[in-house]
Amino acid sequence: MMDHAFQLGDRVQVRDLETEEGLKGHMRAPLYCRGKTGEIERVCGAFGNPETLAYGGDGTPAQPLYRVRFKQIDVWPGYTGSWHDSIEIEVYQHWLRAA
Amino acid sequence: MPHSHDHDHTPIDAVDTSSSDTALLADALRLVLIDKGVFSARDVQEQLALMESRSDRNGAAMIARAWVDPDYKAALLTDGAAAAKTLDHDTKGTPLVVLENTAHVHNVVVCTLCSCYPVTLLGPSPEWYKSKAYRGRVVRDPRSVLREFGTEIDSDRELRVHDSTADMRYMIMPTRPDNTDGLTEEALAELITRNGLIGVAEI
């Protein structure tokens, strides 16, 4: 298992391995949060890496999984709801960088 | 037999998909696997019965217990899967995150990538939960979507969307309604709807 790189409250940005590294795989961070910055809400433990699991691999080494909280106004430029509103998304560690 | 039963006779307005390409393919695959002894026809029926036995009453019972028992509530918010087990419900090894609605925050769940859902606690997911319209809209315009469910969230209350994209499953703990002090746990559970446990409705 990979060591945890982030803690509760850390600011993180979602990477896009498909454009950064030409990853042709199974990146499960939704498109709408890629490049966006949020805050670690919870450390969820470690789980099989979906990039390899999707292709019949064993998912090792397990990747730490986090719940990241974003302000909706930071995710959607034209967001029309309240500025209080937020969205939380599960993102694996290797798809995040410190912000 | 006298014609006194209570259903009406309007035509059932649903598309019959039993002869679609995917249905035929699934049927053929099932027959081949039974032929090869991978599983039996009885196994299939037992799995169907198991799927149909799961219902949102499981989740409702957990929330009703939390409403009357502060220790259970704390346990449920800390480790949902472990708290489910103490009431003989099982999340099949998947972690469960239970999120509490408060005066300041209202929570709602979606899975934008597919349709992840805590089936053992809420039963089979409703069709709208799997629709592209719900999955696409509730993340970017959640207040309008909730309004379509008849749920108005005050603008000074944070609306928090949870996109279930990986290994967690989610259930919402609605706010206990006022004037329910005299109700038993069972009566409280009857107030709790599936939509309340997903977060598109309040109780």
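Right above here is the structure, for reference.
Overview of the structure. Computed from a prediction, not measured in an experiment: that's the story for all the values here. (Residues numbered from 1 in each chain as written. Chains lettered and ligands numbered in written order. Predicted model: local features only at pLDDT ≥ 70, side-chain atom pairs only at ≥ 80, totals over all residues.)

### Observations concerning the sheet that holds strand 2 (residues 37-47) of chain A
Here is step 1: The strand order 5(A)-1(A)-2(A)-3(A)-4(A)-3(B)-2(B) describes an open sheet built from 7 strands, whose pairing is mixed. Each end of this open sheet is capped by a strand with a single partner; those strands are strand 5 (96-98) of chain A together with strand 2 (105-110) of chain B. When strand polarity is set aside, the average angle formed by the axes of neighbouring strands in this sheet is 35°.
Here is step 2: The sheet contact formed by strand 2 of chain A and strand 3 (residues 63-71) of chain A spans 7 bridges and is antiparallel. What sits directly across from Gly45(A), in strand 3 of chain A, is Leu65(A). (Pairing = 2+ DSSP bridges. Helix = DSSP H or I, 4+ residues; strand = E, 2+ residues; numbered from the N terminus. Axes fitted to C-alpha atoms, helices over the stretch in contact; angles between N-to-C directions.)

### A word on unusual backbone geometry
Here is step 1: Backbone torsion omega between Thr60(A) and Pro61(A) reads -10°, so that peptide bond is classified as cis.
Here is step 2: Following the sequence through the fold, Pro61(A) ends up in the loop between helix 2 (50-53) and strand 3.
Here is step 3: Of note, the phi angle at Asp88(B) is positive, near 65°, even though the residue is not glycine.
Here is step 4: Turning to its location among the elements, Asp88(B) is positioned in the loop between helix 5 (80-86) and strand 1 (96-100).
Here is step 5: Asp88(B) sits in the exposed class, given 8 other C-beta atoms within 10 Å.
Here is step 6: The phi torsion at Asn179(B) lies on the positive side, around 60°, for a residue other than glycine.
Here is step 7: Inspection of the secondary structure puts Asn179(B) in the loop between strand 4 (169-173) and helix 10 (185-191).
Here is step 8: Exposure remark for Asn179(B): the 6 C-beta atoms within 10 Å place this residue in the exposed category. (Buried ≥ 20, exposed ≤ 12 C-beta atoms within 10 Å, placed from the backbone.)

### What about the packing of helix 3 (residues 56-68) of chain B against helix 4 (residues 70-78) of chain B?
All names here are of chain B.
Here is step 1: For the pair helix 3 and helix 4, interaxial distance at closest approach is 5 Å and the crossing angle is 125°. Put simply, helix 3 runs oblique to helix 4. Crossing angle aside, the handedness with which helix 3 passes helix 4 is left-handed. The segment helix 3 lies against helix 4, with Met62, Arg65 and Ala66 engaging Tyr72, Lys73 and Leu76.
Here is step 2: Of the residues assigned to the contact of helix 3 with helix 4, the class counts are 4 nonpolar, no polar and 2 charged. (Parallel < 35°, antiparallel > 145°, perpendicular 65-115°, else oblique. Left-handed = near helix turned anticlockwise from the far one by under 90°. Contact = placed C-beta atoms within 7 Å. Nonpolar A, V, L, I, M, F, W, Y, C, P; charged D, E, K, R; others polar.)

### Some words on the interface of chain B and chain A
Here is step 1: Opposite the 18 residues of chain B that make contact, chain A presents 16 residues.
Here is step 2: Put simply, the parts of the chain that give the side of chain B that touches chain A at least two residues each are helix 8 (132-140), helix 9 (142-148) and strand 3 (158-163) of chain B.
Here is step 3: With 6 residues, strand 3 of chain B is the single largest residue contributor to the side of chain B that touches chain A.
Here is step 4: Counted by class, the side of chain B that touches chain A contains 8 nonpolar, 4 polar and 6 charged residues.
Here is step 5: Direction of pairing for strand 4 (residues 86-92) of chain A relative to strand 3 of chain B: parallel, over a ladder of 4 bridges. The partner of Ser86(A) across the bridge, within strand 3 of chain B, is Arg160(B).

### Thoughts on the environment of Arg54(B)
Residue and element names in this part refer to chain B.
Here is step 1: Mapped onto the fold, Arg54 is located in the loop between helix 2 (41-53) and helix 3.
Here is step 2: Remark: the alpha-carbon pair of Arg54 and Pro124, spanning 70 residues in sequence, is separated by 7.4 Å.
Here is step 3: Not counting residues up to four positions away in its chain, the partners in contact with Arg54 are Val119, Thr120 and Gly123.

### Some thoughts on the pairing of strand 4 of chain A
Residue and element names in this part refer to chain A.
Here is step 1: Most of strand 4 is tucked away, with 7 of its 7 residues classed as buried.
Here is step 2: Going residue by residue along strand 4, you find Ser86, Glu88, Glu90 and Tyr92 tucked away on one face and Ile87, Ile89 and Val91 tucked away on the opposite face as well.
Here is step 3: In the sheet, strand 3 pairs with strand 4 via 7 bridges, with the strands oriented antiparallel. Within strand 4, the residue paired with Arg69 across the bridge is Glu88.

### Considerations on the nonpolar core
Buried together is how nonpolar side chains tend to be arranged in soluble globular proteins.
Here is step 1: Counting 60 residues, the largest nonpolar core has Val91(A), Ile63(B), Val108(B), Val110(B) and Leu197(B) as its most contacted members.
Here is step 2: The element contributing the most residues to this core is helix 3 of chain B, with 7 residues.
Here is step 3: Non-local contacts of Val91(A), meaning those with residues more than four positions away in its chain, are made with Val14(A), Ala29(A), Tyr66(A), Val68(A) and Leu96(A). (Core = buried A, V, L, I, M, F, W, Y, C linked by C-beta atoms within 7 Å.)

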